[in-house]
Every structure is written in C-alpha cells, then in structure tokens.
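Summary of the model geometry
Spelled out, the chains give:
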Amino acid sequence: MKLWNRYKVTSVPSLVFLDALTGKIVCRNGLLVVRDDPEGLEFPWGPKPFGEVVAGPLIRSSGQVSDSSALEGSFVGVYFSAHWCPPCRSLSRVLVESYRTVKESGQKFEIVFVSADRSEESFMQYFSEMPWVAVPYADEGRRSRLNRLYGIQGIPTLILLDTEGKVITRQGRVEVLNDLECRAFPWHPRPVLELNESNAVQLNEGPCLVLFVDAEEEGELEPAKELIQPIAEKIIAKYKAKEEETPLLFFVAGEVKGGAANFKILWLQDPPPPSTGWFRTACLVSLAVMYIEQQGYRLHSSDLSVMSRRLARSGRGVPGFLALPSDQGKTDDMSDSLRDYTNLPEAAPLLTVLDMSARAKYVKDVEEITPAIVEQFVGDFLAEKLKPEPI
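Residues numbered from 1 in each chain as written. Predicted model: local features only at pLDDT ≥ 70, side-chain atom pairs only at ≥ 80, totals over all residues. Heavy atoms only, no water.

Note the threshold: UniProt positions are given in the numbering used here, feature names are shortened, and annotations may be inferred rather than shown by experiment.
The name given to the protein in an unreviewed UniProt entry is Nucleoredoxin, and the organism recorded there is Polyodon spathula. Recorded under Sequence similarities (unreviewed entry), the UniProt text for the protein is reproduced unchanged: "Belongs to the nucleoredoxin family."

1. A few points about the overall build of the protein
In plain terms, the rule: Under the DSSP-based scheme used, a helix requires at least four consecutive residues in state H or I and a strand at least two consecutive residues in state E, with every element numbered from the N terminus. Three exposure classes are used, based on accessible area relative to the maximum for each residue type with a 1.4 Å probe and protein chains only: buried under 20%, partly exposed in between, and exposed over 50%. Working definition of accessibility: Shrake-Rupley area with a 1.4 Å probe, residue cover restricted to the visible protein chains.
From N to C terminus, the protein includes 12 helices and 17 strands. The 391 residues of the protein split such that 49% are buried. About 19,000 Å² of surface is accessible on the protein, with carbon and sulfur atoms providing 52% of the total.

2. Digging into the pairing of strand E15 (residues 350–355)
Remember that side chains alternate between the two faces of the sheet whenever the strand is regular. The following threshold applies: In short, DSSP must find at least two bridges between two strands for them to pair.
Burial of E15 is extensive: six of the six residues sit out of reach of the surface. Residues Leu350, Thr352 and Leu354 point to one face of E15 and Leu351, Val353 and Asp355 to the other, with burial holding for every one of them. Bridge analysis of E15 against strand E16 (residues 360–364) gives five bridges, and the strand direction is antiparallel. Along E16, the bridge assignment pairs Val353 with Tyr362.

3. Some details on the side chain of Lys225
The condition that has to hold: Between two residues, a contact is recorded if the distance between any of their heavy atoms is within 4.5 Å.
The residue Lys225 is located in helix H8 (residues 222–241) in this model. Setting aside its immediate chain neighbours within four residues, Lys225 contacts Val192, Glu194 and Val252.

4. Observations concerning helix H4 (residues 86–104)
Just so we agree on the cut-off: Given the number of residues in a helix, its expected span is that number minus one, multiplied by 1.5 Å.
Taking 1.5 Å of rise per residue, 19 residues should cover 27 Å, and H4 covers 28 Å from first to last C-alpha, within 8% of that figure. Those residues of H4 that fall on the buried side of the exposure criterion are Pro86, Pro87, Cys88, Ser90, Leu91, Ser92, Val94, Leu95, Val96, Ser98, Tyr99 and Val102. Residue Gly106 follows H4 closely and has a positive phi angle near 95 degrees.

5. Considering the side chain of Ser68
Along the polypeptide, Ser68 turns up in the loop between strand E4 (65–67) and strand E5 (75–81). Every residue in contact with Ser68, bar those within four places of it in the chain, is listed here: Val54, Ala55, Gly56 and Leu58.

6. Remarks on the sheet that holds E15
Here is the rule: All axes are obtained by fitting lines to C-alpha atoms, using only the stretch in contact for helices, and the reported angles, taken between N-to-C directions, cover 0 to 180 degrees.
Reading across the sheet, the six strands line up as E10-E12-E11-E15-E16-E17 and stay open at both edges, with mixed pairing between neighbours. At either margin of the open sheet sits one strand with a lone partner, and together these are strand E10 (193–194) and strand E17 (389–390). Against the sheet, H8 touches E10, strand E11 (208–212) and strand E12 (249–253), its axis set at about 175 degrees to E12.

Below, the structure written as structure tokens:
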C-alpha cells in the first residue's frame, strides 16, 4: 500500500515510469504511453509544457475554430469529462455558471474540454451545452496526450492552470462546488481545509491529517486551522522544493450548528461476487448510481470516479466513499459520520491521520493540542514511526 499511496495509484493495471537516478515520476499513465507510442519514439516520455501538448485548433459548439495560442496569458481550466458520466453532467451545470461569473468579472479565463465520450455524436450533444472551447473529438492523439500529461485516472477532473500554464490545483471540481460565487478564483490551494460534503472525496486521495474539534458556531474552526496551518505550509513547501507531491492533506472537522446540511456516509463495501475486473466494477457502480438516484440525492455529491477505482482493486475489499445529503431518519454531521466509520473516540480535540486506502488510522488523544504536538505527530507519521490501527 505504500507504493500505491506514494504514486497515487487508483486502479489496476497501472504503469508508472520513474527517473532511475532521482526516483521522480516521469509519467503516471504509462499504459497510455505504451499504447500511443509502441515504438518508443518519444522516449523517455517526460512531461511537456501544456502549451506544447494542447497546440492545435480548438473548437466552440457554434462551429467557430481558434488556435490554442489564444489561451496564452489566460487562466485555463482543463476539463476532463463525458456525457455518459452522471457526476460529470452535474458538475458541468455548475461549471457553466462559474465560467460565466469569472468571465463577467473581467478575468482572462478559458476552459478546454477534453472529452472521454464514446462517440462523436455523444460528444457533440454534451459539448452543445458548454460555452467554452474543446479539443476536437477526432483528435484522439491530443486528447490522449493531455490525459497523460496530468495522469488522469477518473472523471470529472478539472485542472486549473495559471497564466504560464503551470498547475494551480488538480482539485478544481472541489473548488468550484465550494465557491459558487467564485470569490477565491483562481483557487490557489489552501493549506488547511474545513471538512465538508464537497471536499470529503479527497479523503480517498491518500493519508489525511484530520483535527477534530468542538465547534458549535460558524467561525469556531478558525483557531484550529490557525494552529496547524504553519505546519501544513512547512510540509507543503518542503515537498514542493523537491518537486514532489505533498504526502498529507490537512483538514479540521467539527459540528457546526446551523451551518451546512447534515450528511450521511455511504460506504460501498466490495462484496465477493464471482465476476472480476472491469465488469464487476461497472456492475457495482451502476448499482450505486441506481441507489443514489432512487434516494433523490444530487449526484455531484458523490464521486463515482473514486468509487470505481476503489472497487477496481480486485480482492482488496477497499470501500467506496460517498458523502450524501441526508434528510431521512437520524442524521449526523460530516465529522460524526467519519468518526463512526473509522471508530474514533468522541474526544475533542482529537488529532488523527486517516488513510482510507490502507484502512489505517493513527490517533493522538491528548487534553490539549499544541503546535509542537502536531509537528511531532506529523514528523513521526512521515518517518513511519507510528503504529497504525485498523479502520
């Protein structure tokens, strides 16, 4: 599981290319590389600038064609999506409004749609609802190269780029859903997040430090964020300097009365059916979609891409994670639901590292959480000095 987490592997088969001298990732989507370049003409398959990969004509649903050079000097959202994917369609509806809001504010912003549709007809139907540009569906090579460039393993995915084509955040989907008025555009990553419905799917992305606190009113989570933010910033800066991904995400969690809606957590456990591989995964995901729709939940609250890749780990029994609005029966807030599933004590404050992929938790239960305690806890976790408890 260490290698799975280190290289953000979320499905099998998966092929990751590394630099033998530095150990740094050269390419995450090795399978696409082998398919697209079977003779190794582009070896060693290192990352290229966005402007080089996207170079070529871009189209609008009106039929207008422009060159990708028109993107220069703009913030860019690279949107990987498909009409057949319910969460994609839900996100697209929200994203259209966000796009218009940002454009009306005077910001230079464009979105490039990279389709994962199964036919050009489906692509055109879906694209007709979008006010931005797209890579032509027939240009399969360019679409594949963009998937390879960002290591896309699930949809919908929205990558935000700065005016120089460098990644601001890979969590554009979460940012858009959390900031409907686009006040924080272009959504530079925040070191510490308040756990909520939209960003809860990030708990599946790897180990997460979660500080549980008592918070009965809005704003009471701020002292907790201020406590761990310097440590989070230090860790992020350290790994950024090494050009490596941060090994931890940082959250604070607490019940806020009168704040966000109540939620229930749906954990789709992988049963042991006789079928295996993609067919089993597709069946399980389809059943989940049916369940969600029958319950009347908004599908953008789920993350079928996460569910798919968790369930795809044949024989691993890794659960899919869904955070759904709940208005039936007894309801818990997000932090209570998470405590229940991970079997955490009710103490507050409570310092934890939760690794959903490995089904492991690390707990520090003390009366007072100080910066020194957090820094020591994080350091010991990263040095693998802590003993995990099972989730």
